[in-house]
Amino acid sequence: MKKTLDGARVLLVEDEALIAMNIEELCKEYGAEDVVTVTTFDALGPEVLDTSRISTAILDIKISDNWTDEFARLLQSRHIPFIFATGYAANHQVFEPFNGVAIVEKPYKDSDLIKALAQAIGSPPAVAGDRAD
């Protein structure tokens, strides 16, 4: 049976270890082929966007006390679909240049994160029984 994130190669930009581990496991449960996690701002460069390894991204707007909006623009310029999963309110001014990009506010339900990511990559939304147990 096809899963919501079937075959996706996800870049996860998250500096909180427990949140990152949860999201990584969640993505794999929903069929992601691979999850590459970046936890520090210094590791967040164009080289992580090797198109053979990344097909979509989940981006916290601020990691290691640095804004990640420039990296989000890089994702846009390379036409890599992404969402924001962040503690910042969706109406924060930093999101203004990202019209149409989903913002999932922490704390969020796992299903809300998966639904937003699936919509970003053009997959059908998750349905009952889609998640591996």
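Notes on the structure follow.

Conventions and cut-offs
- Residues numbered from 1 in each chain as written.
- Predicted model: local features only at pLDDT ≥ 70, side-chain atom pairs only at ≥ 80, totals over all residues.
- Heavy atoms only, no water.
- Helix = DSSP H or I, 4+ residues; strand = E, 2+ residues; numbered from the N terminus.
- Axes fitted to C-alpha atoms, helices over the stretch in contact; angles between N-to-C directions.
- Parallel < 35°, antiparallel > 145°, perpendicular 65-115°, else oblique.
- Left-handed = near helix turned anticlockwise from the far one by under 90°.
- Contact = heavy atoms within 4.5 Å.
- Nonpolar A, V, L, I, M, F, W, Y, C, P; charged D, E, K, R; others polar.
- Core = buried A, V, L, I, M, F, W, Y, C linked by side-chain atoms within 4.5 Å.
- Buried < 20%, exposed > 50% of the residue type's maximum accessible area, 1.4 Å probe, protein only.
- Pairing = 2+ DSSP bridges.

**Quick look at unusual backbone geometry**
The peptide bond linking Lys-106 to Pro-107 adopts the cis configuration, its omega dihedral lying at -5 degrees. Here Pro-107 lies in the loop between β7 (103-105) and α3 (110-121). Positive phi, close to 60 degrees, is recorded for His-79, a residue that is not glycine. As for its placement among the helices and strands, His-79 is situated in the loop between α2 (69-77) and β6 (82-86).

**Considerations on the packing of helix α1 (residues 17-29) against α3**
Following both chains from N to C, one finds α1 and α3 inclined at 60 degrees, their axes separated by 11 Å at the closest point. Considering their axes alone, α1 and α3 lie oblique with respect to each other. Relative to α3, the crossing made by α1 is right-handed. Along the contact surface, α1 presents Asn-22, Ile-23, Leu-26 and Cys-27, while α3 presents Asp-110, Leu-113, Ile-114 and Leu-117. Partitioning the contact of α1 with α3 into residue classes produces 6 nonpolar, 1 polar and 1 charged.

**Digging into the nonpolar core**
Ranked by internal contacts, the top residues of the largest apolar core, which has 22 residues, are Leu-11, Phe-71, Phe-82 and Phe-84. Broken down by secondary-structure element, the contributors of at least two residues to this core are β1 (9-13), β2 (34-38), β3 (56-59), α2 and β6. Considering each element in turn, this core owes the most residues, 3 residues, to α2. Residue contacts for Phe-84: discarding those within four places in its chain leaves Leu-59, Ile-61, Ala-72, Phe-95, Phe-98, Val-101, Ala-102, Ile-103 and Val-104. Listed in part, the 21 residues of the second largest apolar core include Ala-32, Val-35, Ile-83 and Leu-117.

**Things to note about the sheet that holds β7**
Remark on secondary structure: sheet strands pair via backbone hydrogen bonds, oriented parallel or antiparallel. Taken in spatial order, the 5 strands of this open sheet run β2-β1-β3-β6-β7, and their pairing is parallel. The outermost strands of the open sheet, each flanked by one partner alone, are β2 and β7. Taken pair by pair, the neighbouring strands of this sheet meet at an average axis angle of 20 degrees, ignoring direction. Along the sheet face, α1 touches β1, β2 and β3 and points at about 165 degrees away from the line of β2. Relative to β6, α3 is tilted by about 160 degrees, and along the sheet it contacts β1, β3, β6 and β7.

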